There are 2 protein chains.
Amino acid sequence: MFSQTVEYALRAVVWLAYNHPESLTTQEIARSTQVPAGYLSKVLQGLARAGLVQAQRGLHGGFSLALSPDELSILDVVNAVDPLRRISRCPLGLATHAKRLCPLHKRLDDSMAMIEKTLSESKIAELLNVPAAATPLCDAPPVPRRAPLTVTARRKR
Amino acid sequence: MFSQTVEYALRAVVWLAYNHPESLTTQEIARSTQVPAGYLSKVLQGLARAGLVQAQRGLHGGFSLALSPDELSILDVVNAVDPLRRISRCPLGLATHAKRLCPLHKRLDDSMAMIEKTLSESKIAELLNVPAAATPLCDAPPVPRRAPLTVTARRKR
DNA sequence: AGATAATTGGATAATTATATCCACTTGATG
DNA sequence: CATCAAGTGGATATAATTATCCAATTATCT
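Residues numbered from 1 in each chain as written. Chains lettered and ligands numbered in written order. Predicted model: local features only at pLDDT ≥ 70, side-chain atom pairs only at ≥ 80, totals over all residues. Heavy atoms only, no water.

### Quick word on the nonpolar core
As a rule of thumb, nonpolar side chains are buried together in soluble globular proteins.
Line of reasoning, step 1. The biggest cluster of nonpolar side chains holds 80 residues, and the ones touching the most others in it are L47 and I74 of chain A together with L47 and I74 of chain B.
Line of reasoning, step 2. In this structure, I74 of chain B is in contact with L104, R107 and L108 of chain A together with L10, L119, S122, I124 and L127 of chain B, ignoring residues within four places of it in sequence. (Core = buried A, V, L, I, M, F, W, Y, C linked by side-chain atoms within 4.5 Å. Buried < 20%, exposed > 50% of the residue type's maximum accessible area, 1.4 Å probe, protein only. Contact = heavy atoms within 4.5 Å.)

Below you can see the structure in the form of structure tokens.
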């Protein structure tokens, strides 16, 4: 339903939000969120182009959230990397249905609208309050800033 | 959001429902719904395996709806060809989140649940009442049964 | 200025989704 | 029982998505 890319982008943004306004390297984010580093780099580029994230090149560079976590919705992230496509015109290109979608496509589009609304109302900030004092993604406790490349204790599977 | 396959399957089912309990050949359905015939054949096979549609081989064969249009929901069709995957386990495989999803994935799964509910409540029968006396999909007027291979008047693009 | 650590962008590979084709089987009909 | 129109299943092609790799660029630190 949601693409892999969206899943990855959301993980990255949540992790950046959790460490806001800290800046983290692609490697750090990749490790914490279990996203393939090479691919994550592309995803982050997309988020940067959309202005959701700020890139800092060079030594001690990395990425940081460009907006406050409560100004940023899940929908913003989704639309930045893999836009939710509403059905605005008849997919069959029928003249008859140009002004008003046929019931099938109307219904499908309504579902999209519903999702769009829900996701736009879900702010990233809301995703950070974890009841059990656990970190949002990641089993490990909050990583100390600029920690060396410690291997996260990881259960197999 | 919804795959091409789902879109095709829904078009086929709606068209079959519209002609219910008539049986239509793959070619006829393909023409009316603008779905590539070769691919539609696979999609219909899937629908047949799921029991939503009945295949009749041999001369004067074709496909017909196996259930009444008001017993069949959009969700049934979606699940038959490209199941809506709910998020039941933590996508990161985190032990901590085994019992309770982290807020991000909870929220995403809630969206899925919402869609699932909406689509399960949308019966195919409801998609057939078109206000303007137009056919559900397809510009053409209701095709006379067993019509010869007339070319549907089609605007370019 | 040189060394180092980081992102950037381009090329490419692997995988999955979409689509086509064809030989085979099935069943109705004359 | 021969014929022919239809679905079936397998092989294969094409396109899009996901993923990897590396040379080039940029910024920081000493």
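### Thoughts on the relation of the copies chain B and chain A
Line of reasoning, step 1. Once chain B has been moved 0.0 Å along the axis and rotated by 180°, it coincides with chain A to within an RMSD of 0.0 Å. Within this description, the copies of the chain are treated as partners about a two-fold rotation axis. The position closest to the rotation axis in chain B is occupied by the C-alpha of M1 of chain B, lying 2.8 Å away.
Line of reasoning, step 2. A share of 100% of the interface residues of chain B reappears at the interface of chain A, consistent with the copies meeting face to face through the same patch. (Least-squares fit on C-alpha atoms with pLDDT ≥ 70 in both.)

### Structural notes on the protein's contact with DNA strand C
Line of reasoning, step 1. In the region of DNA strand C, 25 residues are neighbours, and K42 and L59 of chain A together with T5, Y8 and R57 of chain B sit closest.
Line of reasoning, step 2. The protein-proximal atoms of DNA strand C, defined as those within 4 Å of the protein, are 69% sugar or phosphate.
Line of reasoning, step 3. In the model, a base oxygen of DNA strand C is placed 2.6 Å from a nitrogen or oxygen of the R57 of chain B side chain.
Line of reasoning, step 4. The class makeup of the residues in the surface near DNA strand C is seven nonpolar, 14 polar and four charged. (Near = heavy atom within 4 Å. Polar contact = N/O pair within 3.5 Å; in protein donor to acceptor, adjacent residues only side chain to side chain. Nonpolar A, V, L, I, M, F, W, Y, C, P; charged D, E, K, R; others polar.)

### A short note on the interface of chain B and chain A
Line of reasoning, step 1. Between chain B and chain A, the residue contacts involve 44 residues of the former and 44 residues of the latter.
Line of reasoning, step 2. If you sort the residues of chain B by the area they bury against chain A, M1, L92 and R107 of chain B come out on top, with a joint share of 18%.
Line of reasoning, step 3. Viewed at the interface, chain A and chain B are joined by two salt bridges.
Line of reasoning, step 4. Where E126 of chain A meets R107 of chain B, a salt bridge forms, and the shortest distance between an N and an O atom there is 3.0 Å.
Line of reasoning, step 5. Where chain B meets chain A, there are eight residue pairs in polar contact (both at pLDDT 80 or more).
Line of reasoning, step 6. Those elements that provide at least two residues to the side of chain B that touches chain A are α1 (4–18), α2 (26–33) and α5 (103–121) of chain B.
Line of reasoning, step 7. At 11 residues, α5 of chain B tops the list of elements feeding residues into the side of chain B that touches chain A. (Buried area = accessible area lost by both parts, 1.4 Å probe. Salt bridge = Lys/Arg side-chain N within 4 Å of Asp/Glu carboxyl O. Helix = DSSP H or I, 4+ residues; strand = E, 2+ residues; numbered from the N terminus.)

### Structural notes on the environment of K123 of chain A
All names here are of chain A.
Line of reasoning, step 1. Within the secondary structure, K123 sits in the segment after α5 (103–121).
Line of reasoning, step 2. With 48 residues separating them in the primary sequence, K123 and L75 have C-alpha atoms 8.7 Å apart.
Line of reasoning, step 3. Non-local contacts of K123, meaning those with residues more than four positions away in its chain, are made with P69, D70, L72 and S73.
Line of reasoning, step 4. A polar contact is formed between the side chain of K123 and the backbone oxygen of S120, at a distance of 3.3 Å.

### So, the pairing of strand β1 (residues 53–56) of chain B
Residue and element names in this part refer to chain B.
Line of reasoning, step 1. Of the pairings in the sheet, the one linking β1 to strand β2 (residues 62–65) comprises four bridges and is antiparallel in character. Looking across to β2, one finds that Q56 is bridged to G62.
Line of reasoning, step 2. Here β1 folds back onto β2, and the loop between the two strands holds five residues, one of which, G58, carries a positive phi near 80°. (Pairing = 2+ DSSP bridges.)

### Points about the packing of helix α4 (residues 74–81) of chain B against α5 of chain B
Residues and elements named next belong to chain B.
Line of reasoning, step 1. The contact between α4 and α5 brings their axes to 5 Å, and the two run at 115°. For the pair α4 and α5, the contacting residues are I74, L75 and V78 in the first and E116, L119 and S120 in the second.
Line of reasoning, step 2. When the residues that make up the contact of α4 with α5 are grouped by side-chain class, the tally is four nonpolar, one polar and one charged. (Axes fitted to C-alpha atoms, helices over the stretch in contact; angles between N-to-C directions.)

### With respect to the protein's contact with DNA strand D
Line of reasoning, step 1. Around DNA strand D, the surrounding shell holds 26 residues, and the nearest of these are T5, Y8, P36 and R57 of chain A together with K42 of chain B.
Line of reasoning, step 2. In DNA strand D, atoms within 4 Å of the protein come from the sugar-phosphate backbone in 67% of cases.
Line of reasoning, step 3. Q56 of chain A is positioned with one of its side-chain polar atoms (N or O) 3.4 Å from a sugar or linking oxygen of DNA strand D.
Line of reasoning, step 4. Within the side chain of R57 of chain B, one N or O atom sits 3.3 Å away from a base nitrogen of DNA strand D.

### A short note on unusual backbone geometry
Residue and element names in this part refer to chain A.
Line of reasoning, step 1. For the bond from H20 to P21, the omega torsion is 0°, close enough to zero to count as cis.
Line of reasoning, step 2. As for its placement among the helices and strands, P21 is situated in the loop between α1 (4–18) and α2 (26–33).
Line of reasoning, step 3. Unusually for a residue other than glycine, H60 sits at a positive phi of about 65°.
Line of reasoning, step 4. For H60, a relative accessible area of 63% gives the class exposed.

### Focus: the pattern of salt bridges
Residue and element names in this part refer to chain A.
Line of reasoning, step 1. Tallying each qualifying case throughout the model produces 12 salt bridges over all chains.
Line of reasoning, step 2. With a closest N to O distance of 3.0 Å, D110 and K106 form a salt bridge. Residue D110 and its partner K106 are located together in helix α5, separated by four residues, close to a single helical turn.
Line of reasoning, step 3. For D110, a relative accessible area of 34% corresponds to the partly exposed category.
Line of reasoning, step 4. By relative accessible area, K106 is classed as partly exposed at 40%.
Line of reasoning, step 5. Each of the salt bridges in this network shares a partner with another, and the network as a whole consists of R86, D109 and E116.

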